[in-house]
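One-letter residues, chain by chain:
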Amino acid sequence: MRLRARAAPGRHRLQQVHMVQKGLMALVSVETLGSRYDVRIEAGLIGSAGSLIRETLGDRRLFVIADETVWTHYESRLAEGLQGCDWVALPSPLDEPRKRMSTVERLCSDMHAAGADRGSAVVAVGGGVAGDVAGFVAASYMRGIDFVQVPTTLLAQVDASVGGKTGVNLSSGKNLVGAFHQPRLVLVDPDTLVSLPDREYLAGVQEVVKHGIIRSPELFAYMETRAAMVRARAGEAVEKMISESVRIKAAVVCADERESGLRRILNFGHTLGHALEAETGYSTLLHGEAVGFGMVAAARLSELRGRLGSRDRARIEAVVLSYGSFAGLESLDARNIAARTAGDKKAVGGRARFVLADSIGSVSEELDPPAEQVIAATEHALAACGAVESAAV
Ligand SMILES: NC(=O)c1ccc[n+]([C@@H]2O[C@H](COP(=O)([O-])OP(=O)(O)OC[C@H]3O[C@@H](n4cnc5c(N)ncnc54)[C@H](O)[C@@H]3O)[C@@H](O)[C@H]2O)c1
Ligand SMILES: [Zn+2]
C-alpha cells in the first residue's frame, strides 16, 4: 500500500503548513481539522515565553510542569521569560519509569490544590517524557485544558512536541494509555540543547535522519555531508535539523492527525526498533538509538524485498551508523527480536506492519513480509551496529 496516495490534498482543504524563515528563526504553522498552532523555533526563545504565550492564549494562570533536571538548568531564564504572567511551577523527576498514571494523578492533584480551573493552561518543559505526561495531564484535567510545549531535548524538538500524541506507560507496555491533544503553541529554543548529554543529543539525531529518509533526500544529504557540524551542534546544523524535521512532521500530521494512513510513515525504523527495546527491557539503548538499529534493519529488509537499491541501502546504513552508539547488543538473538514484531502495538491481527524504503525520500508500507527475511535483516543490523561498538572500543 502506498501511504503517500492517502494524503490527497483535496481531502484536507482546511489543513496547511507554512514555513517562514527569518535569519535564526523559523515558524511552522500546523493546522489540523480541529486546531491550529504555531511551532516557533528561535535561539533564546524561553526568555520571552510569557509574552508569546499571552499573545496566543491571553492572560491565563499557567501551571509549568517541568522535568526537574531541566528546571535546575533553566529555572531562572524561564522565570525571567514568564515575568508578568501568573504562574505556578511544578518541577518533578519525570523519567521513563515515572511516565505513569500515578504521576498524572499526582500532578492533577497538585494543580487542583493550587487552584487550577478550566481557564488555566499547562506549560510542559522538558523532553518527550515531560511533554507526554504534561500533555496527558492537560488532556484530562477537568476534561481538557490548553497546553503549551517547551521541548528541551533534540528528540522532543524534532518529533515528540508536534502532533498531539500524549500519554503514559502501563507496566505491560509503553504509551498504552493516552489521548490526542494538540498543544496551542510550541516554543523550541535550540539554546536549551547546550546542556543535553551527548548520547541524548545523538539519539535525537537519528529521528532527524529518519525524517530525511521518509520525506527529504535533501535533509538526508545534509546529514550525510555535514556530520562534523551536526556532531558539534553548530547553530546552522541544529537550526536546519529542527526546522526541517518540524516541517516534515507537521506536514504528515496535518494530512493524517490520527494515524489512519500517512502518519504511519513516521514509524520507519520503529517496528524493529520497538522490538529491540522490548527485547532488552527498555534499559540498554535509548529510543533514538533503537530507531537507528531499526532503520539499518528496515533498509536491509527493503533491499531484500527488492524495493531499495544496494547503494541507497548502504548510504542509509552509513549515515545511521555514523551517529550511532549501540552498546549491549552482543548476546541478542535476531529470531527473538523479529518474533516480537507481531506483538507490536501497530501490528494488525498479529501481522507485523513495516514501513520500507523505496528510495531515499520515499517509503511505503508492507504487511507481514516473509519471516526469514525479517530475521535476516535483523541479523544484518545486529552485526552492523555491533561492529560500530567494537570499533569504538
Ligand atoms: N508524543 C510523541 O509523539 C512522541 C514521539 C516520540 C517520543 N515520545 C516519547 O518521548 C520520550 C522520550 O523523550 P526524550 O528522548 O526527550 O527523553 P526524556 O524526556 O526522558 O529526556 C532525556 C533525558 O534528558 C534530560 N534532559 C532533557 N532536556 C535536557 C536539557 N535541555 N539539558 C539537560 N538534560 C536534559 C532529561 O532529564 C532526561 O534525563 C519517550 O517516552 C517516548 O515515548 C513521544
Ligand atoms: Zn521515535
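Now for a quick tour of the structure.

The rules behind each value
- Residues numbered from 1 in each chain as written.
- Chains lettered and ligands numbered in written order.
- Predicted model: local features only at pLDDT ≥ 70, side-chain atom pairs only at ≥ 80, totals over all residues.
- Heavy atoms only, no water.
- Donors = N, O, S within 2.8 Å, 3.2 Å for Na, K, Ca; no water.
- Buried < 20%, exposed > 50% of the residue type's maximum accessible area, 1.4 Å probe, protein only.
- Near = heavy atom within 4 Å.
- Polar contact = N/O pair within 3.5 Å; in protein donor to acceptor, adjacent residues only side chain to side chain.
- Areas by Shrake-Rupley, 256 points an atom, 1.4 Å probe, with all protein chains shown as cover.
- Helix = DSSP H or I, 4+ residues; strand = E, 2+ residues; numbered from the N terminus.
- Nonpolar A, V, L, I, M, F, W, Y, C, P; charged D, E, K, R; others polar.
- Contact = heavy atoms within 4.5 Å.
- Axes fitted to C-alpha atoms, helices over the stretch in contact; angles between N-to-C directions.
- Parallel < 35°, antiparallel > 145°, perpendicular 65-115°, else oblique.
- Left-handed = near helix turned anticlockwise from the far one by under 90°.
- Pairing = 2+ DSSP bridges.
- Right-handed = clockwise from strand over helix to strand, strands pointing away.
- Salt bridge = Lys/Arg side-chain N within 4 Å of Asp/Glu carboxyl O.
- Arc of directions from axis to C-beta.

### A word on the coordination of the zinc ion (ligand 2)
Inference 1: Of the protein atoms, only Glu-207 (OE), His-270 (NE2) and His-287 (NE2) coordinate the zinc ion (ligand 2), at distances of 2.1 to 2.2 Å.
Inference 2: You can call His-270 buried: its relative accessible area is 7%.
Inference 3: When its relative accessible area of 23% is taken as the criterion, His-287 is described as partly exposed.

### Topic: the site of ligand 1
Inference 1: The local shell around ligand 1 holds 25 residues, among which Asp-67, Glu-96, Gly-128, Thr-153 and Ser-195 are the closest.
Inference 2: At 2.9 Å from a nitrogen atom of ligand 1 is found a side-chain nitrogen or oxygen belonging to Asp-132.
Inference 3: For ligand 1, a nitrogen atom lies 2.8 Å from a polar atom in the side chain of Thr-152.
Inference 4: Protein contact buries 86% of the 870 Å² of open area that ligand 1 shows by itself.
Inference 5: Those elements giving two or more residues to the shell around ligand 1 turn out to be helix H2 (68-81), helix H4 (128-140), helix H5 (154-160) and strand E9 (173-180).
Inference 6: Among the elements that line the shell around ligand 1, the one with the most residues is H2, at four residues.
Inference 7: When grouped by side-chain class, the residues that make up the shell around ligand 1 number seven nonpolar, nine polar and nine charged.

### Remarks on the environment of Gly-126
Inference 1: With respect to the element layout, Gly-126 can be found in strand E6 (residues 121-126).
Inference 2: Linking Gly-126 and Leu-272, residues 146 residues apart in sequence, is a C-alpha distance of 27 Å.
Inference 3: With near-sequence residues (within four places) excluded, Gly-126 lies in contact with Asp-67, Val-70, Val-150, Pro-151, Thr-152, Thr-153 and Ala-156.

### Section: the packing of helix H6 (residues 198-215) against helix H11 (residues 287-304)
Inference 1: Contact geometry of H6 with H11 gives a least axis separation of 7 Å together with a crossing angle of 40 degrees. Taken as axis vectors, H6 and H11 run oblique relative to one another. The hand of the H6/H11 crossing is left-handed. Of the residues in H11, those touching H6 at Arg-199, Ala-203, Gln-206, Glu-207, Val-209, Lys-210 and Ile-213 are His-287, Gly-288, Glu-289, Val-291, Gly-292 and Met-295.
Inference 2: Considering only residue class, the contact of H6 with H11 consists of five nonpolar, four polar and four charged.

### Looking at the pairing of strand E4 (residues 61-67)
Inference 1: E4 sits mainly inside the fold: six of its seven residues count as buried.
Inference 2: As judged from the seven bridges shared by E4 and strand E5 (residues 86-92), these two strands associate in the parallel manner. The residue bridging Val-64 from the neighbouring strand is Ala-89, located in E5.
Inference 3: Since E4 and E5 lie parallel, the crossover through H2 that links them has a hand, and here it is right-handed.
Inference 4: Pairing of E4 with E6, which is carried by five bridges, proceeds in the parallel orientation. Within E6, the residue paired with Val-64 across the bridge is Val-123.

### Side note on the pattern of salt bridges
Inference 1: All told, the structure shown has 31 salt bridges when counted by the stated rule.
Inference 2: Of the charged contacts, one joins Arg-106 and Asp-110 as a salt bridge, the two residues approaching to 3.9 Å between their closest N and O atoms. Of this pair, Arg-106 and Asp-110 both sit in helix H3 (residues 101-113), four residues apart, which is roughly one turn of the helix.
Inference 3: Since its relative accessible area comes to 33%, Arg-106 is described here as partly exposed.
Inference 4: With a relative accessible area of 33%, Asp-110 lands in the partly exposed category.
Inference 5: Residues Glu-289 and Arg-199 are paired through a salt bridge, measuring 2.8 Å at the closest nitrogen-oxygen approach. Here Glu-289 is found in helix H11, whereas its partner Arg-199 is found in helix H6, with 90 residues between them in sequence.
Inference 6: Judged by its relative accessible area of 40%, Arg-199 falls in the partly exposed class.

### Considerations on the side chain of Glu-244
Inference 1: Here Glu-244 is to be found in helix H9 (residues 235-255).
Inference 2: Among the polar contacts listed, one links the side chain of Glu-244 to the side chain of Arg-247, at a separation of 2.7 Å.
Inference 3: Here Glu-244 is in contact with Glu-218 and Leu-219, once residues within four sequence places are set aside.

### With respect to helix H1 (residues 49-57)
Inference 1: Looking at H1, one finds that the buried residues are Ala-49, Gly-50, Leu-52, Ile-53 and Leu-57. Viewed along the axis of H1, the buried residues span an arc of 165 degrees, placing them on a single side of the element.
Inference 2: Those residues of H1 hidden inside the fold are in contact with strand E3 (36-41), E4, H2, E6, strand E7 (146-151) and strand E10 (185-188).
Inference 3: The positive-phi residue at the C-terminal boundary of H1 is Gly-58, with phi of around 80 degrees.

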